[in-house]
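Commentary on secondary and tertiary structure
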Amino acid sequence: MVRLTDIVEKVTRYHPDADVDLINKAYVYSAKMHDGQLRKSGDPYFIHPVSVAHIIADMRLDPASICAALLHDVVEDTPATNEEIEELFGKEITFLVDGVTKLGQINFTSKEDQQAESFRKMLVAMAADIRVLLVKLADRLDNMRTLEHMREDKQERIAQETLDIYAPLAGRLGIYWLKSELEDLSFKYLHPETYAEIARKSKRLAKDRDKYITDVTRRLKAMLIERGFAVDVGGRIKHRYSIWRKMRTNNCEFEQVHDYVAFRVIMENVADCYAALGVVHSQWTPIPGRFKDYIALPKPNMYQSLHTTVIGPGQRRIEVQIRTQDMHRTAELGIAAHWKYKSRTGGLDAKDAAQFAWLRQLMEFQKEVADPAEFLDSVKVDLFSDEVYVFTPRGELKVFPRGATPIDFAYSIHSEVGEHCAGARVNGAIVPLRYKLKNGDTLEIITSPQQQPSKDWLEFVATARARSRIRTHIRAEERKGAVKLGRELIERAFHKKDHSFSRWLKSKGDHEAVLKKFKVSALEELFAQVGYGRVSATEVYEGAVAAKDPAAREDLRPSFFEKTVRKVTGKDGHEGIRIDDVDDVLVRFAQCCNPLPGDAITGWITRGRGVSVHRRECPKAMELDPNRRIDVSWSDAVKVDRPVSLRVATADRPGILANVSAAFTESGVNIREANCRVETDGSAVNLFQFTVSDVAKLRTLMRKISQIDGVYEVQRT
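Residues numbered from 1 in each chain as written. Predicted model: local features only at pLDDT ≥ 70, side-chain atom pairs only at ≥ 80, totals over all residues. Heavy atoms only, no water.

Another point: the overall build of the protein chain. If you tally the helices and strands in the protein chain, you get 30 helices and 21 strands. Classification of the 717 residues of the protein chain by burial places 50% in the buried group. Accessible surface, the protein chain as shown: approximately 35800 Å² in total, 49% of it carbon and sulfur. (Helix = DSSP H or I, 4+ residues; strand = E, 2+ residues; numbered from the N terminus. Buried < 20%, exposed > 50% of the residue type's maximum accessible area, 1.4 Å probe, protein only. Areas by Shrake-Rupley, 256 points an atom, 1.4 Å probe, with all protein chains shown as cover.)

In structure tokens:
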């Protein structure tokens, strides 16, 4: 068990002026309040807060954080109150204890919305004082170290939560030893057999590996000392979760993971770091593409180092990390390495706090996004991913998650730039919007006033900001379309009963009862509800007119002028909704029958997803609710390639497939996919998938194929 003297000794070593009496007081108070409580293991509960305080001391945090660690469970698990804590230990420690208590109440396995909202609260606490999160991370680490006493289902739940949330946060804060241990402990409980196998194989190789590390460390140190450098060299094996992840990424076995040994070279200054890199590369062959300069381009969590992978002694791949002593301290302690003990506002000075812009951006984003599930999904992309470093044309450095595209870059500049992004130049060359940004790229965004965000963008953007802005734009456009569609449907419902929709709109006294009936505040909202399919246009008509004796509503009869206008504009017929924009978010083509321009079609108002368009002879369409059916027709202007499948039955003989393919080529149709099989009766069945712009072109193609000698049947499927 950790003793109080162990904690005090550690704290006074890095903070000689620490208030030891306050730590003693917190220790005694916590012991008194937890007296008689036991952990799942049967040990006294007090062992836990003491262990958490010891971990906080390993992070070299201030006395207030040590006290908060000792007291972090007293309010939640004992009769102690915040008022009592404040009276005994002051406002600062009370604030930290209260923050950790609230985080302790988060249940990450609750329903999705609750999980997301809980995570939102954690971000707020982090932003208020990052020490709250550091204590929570220490609390989680000690719990993970003693997880074997929990039920198996709880072990898996807590381990998954740790791997998804807490380990990446530790990495974002730059505390890599903590991140690695949390990952290994999670791995142990989530994949026990694989973990045990890697542990067993590592142990078998331990003797040879340790000797290799010792030999390379001695050789690396000697080659640098010979050239006049003051240097410290150490070697280590990468942790088990990292090895397993490398096995999965490279789809290989443990024995095929070669670069799992890493060496750290600590130099006196930055110039010596680059000089040492030259020495290493002159002695051992560097592997192309495996050099990273995190000194010139630090990670967002302030991590700095030179990384290179080389073919070392024995033809083994080894990674060499070269850094200064200050950089090494930051790499070990992360944010805690930059702690200023005199500060009472979260422990970081303004310069170092600026390095954590990701946290500030996250806070801004959580205010913008109303949907909790969307927020949590987006945060996992932004917060828990590898970075890529790119430049603006002016040389300004920007950091994005790996997989980011020019669209993400455009939205990071301004929403207007993102919305009108029509193209991009990367290093002077035009690239597609799907292009994945690479380290060192210089980007220039090309904008166009006519460009608007597309639903397709959501398939490849990587940042939460871009995804949120695109969705907001699409929702706004969808609402406009719903209002337009709903208005037209209601107008048609009025027209069928020989009543004037425009006259009803002008009779404001008639609106209030209808709005009240459908629980909406304005006509535009009513139109939107009809357009989304949540309210029927017929129901609106009945609520507006039929319920008030339609025969008596002569004031709503269309005038001669209105009837004339309807005839001139073509709205007097029965064409129904004209489909002239196949990208309309409220018009969806049924995949069961894949209608083509020129096909006889019919439409159904779906619930919340606009109009679903089917071919009239589609069997599935016949089963749909006739009360939700609407008339639809193709606009003359519609021009689009739609997917089609053809089933072609032929004789099984040489050359016939080539003749069928030639018919496609002559018709200007490109086959996207073909599936051919021979039946037991000696015939062949060929399924072709392709796109075509209209039904006339399809019929021409089908006629050509059916005329080929040996073709028995051509059928659209």
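The next point concerns the nonpolar core. Nonpolar side chains in soluble globular proteins generally cluster together in the buried interior. Formed by 60 residues in total, the largest nonpolar core has its most connected members in Met59 and Ile66. Of all the elements, helix α9 (residues 130-145) adds the most residues to this core, at nine residues. Val233, Met247, Val257 and Leu306 belong to the second largest nonpolar core, which has 38 residues in total. (Core = buried A, V, L, I, M, F, W, Y, C linked by side-chain atoms within 4.5 Å.)

Let's shift gears to the confidence of the model for the protein chain. When pLDDT is averaged along the protein chain, the result is 79, and 80% of the positions lie at 70 or above. Confidence, read as mean pLDDT per element, is least for helix α17 (residues 350-353) in the protein chain (50) and greatest for helix α15 (residues 270-283) (93). Confidence drops under a pLDDT of 50 for residues 340-348, and excluding neighbours within four residues, the segment shows 20 contacts in the predicted structure. In the predicted structure, residues 572-576 sits below a pLDDT of 50 and forms 13 contacts with residues beyond four places in sequence or in another chain. (pLDDT = per-residue confidence, 0-100. Contact = heavy atoms within 4.5 Å.)

Let's shift gears to the packing of aromatic side chains. Counting across every chain of the model gives 11 aromatic pairs. Each ring, one from Phe187 and one from Tyr241, has its centre 6.1 Å from the other, and the planes form 70 degrees; the classification is edge-to-face. Of this pair, Phe187 sits in helix α11 (residues 176-190) while Tyr241 sits in helix α14 (residues 240-250), and the two are 54 residues apart along the sequence. The burial state of Phe187 is the same as that of Tyr241; both residues are buried. Ring geometry for Phe664 against Phe690: centres 5.2 Å apart, planes inclined by 75 degrees, an arrangement best described as edge-to-face. Of this pair, Phe664 sits in helix α29 (residues 656-666) while Phe690 is found in strand β20 (residues 683-692), placing the two residues 26 residues apart along the sequence. Here a set of aromatic residues connected by ring pairs shows up, and it is made of Phe187, Tyr195, Tyr241 and Trp244. Above the plane of the ring of Phe89 lies Lys25, whose end atom (NZ or CZ) is 5.4 Å from the centre. Stacked on the ring of Tyr212, the Lys or Arg Arg316 has its end atom at 4.2 Å from the ring centre. (Phe/Tyr/Trp six-rings, centres within 6.5 Å; stacked < 30°, edge-to-face > 60°. Lys NZ or Arg CZ within 6 Å of the ring centre and 35° of its normal.)

The subject of this paragraph is the sheet that holds strand β9 (residues 421-426). With respect to topology, three strands assemble into an open sheet ordered β10-β9-β11, the strand pairing being antiparallel. With partners counted over all chains shown, the strands left at the sheet margins are β10 (429-431) and β11 (443-447), one partner each. Here the strands of the sheet are splayed against their neighbours by 35 degrees on average, with no regard to which way each runs. In this structure, β9 lies alongside β10, joined through three bridges in antiparallel fashion. Note on β10: the bridge partner recorded for Val426 is Ala429. Against the sheet, helix α20 (residues 406-413) engages β9, β10 and β11, with an angle of about 80 degrees to β11. (Pairing = 2+ DSSP bridges. Axes fitted to C-alpha atoms, helices over the stretch in contact; angles between N-to-C directions.)

Read across the open sheet, the four strands follow the order β19-β20-β18-β21; overall the sheet is antiparallel. Of all strands in the sheet, those with a lone pairing partner are β19 (671-678) and β21 (711-716), marking the two edges. Each neighbouring strand pair of the sheet contributes to a mean axis angle of 15 degrees, computed without reference to strand direction. For strand β18 (residues 642-651) and β20, the ladder comprises 10 bridges, and the chain directions are antiparallel. Along β20, the bridge assignment pairs Ala649 with Val685. Seen against the sheet, α29 touches β18, β19, β20 and β21 and runs at an angle of roughly 20 degrees to β20. Running at roughly 165 degrees to β21, helix α30 (residues 695-706) makes contact with β18, β20 and β21 of the sheet.

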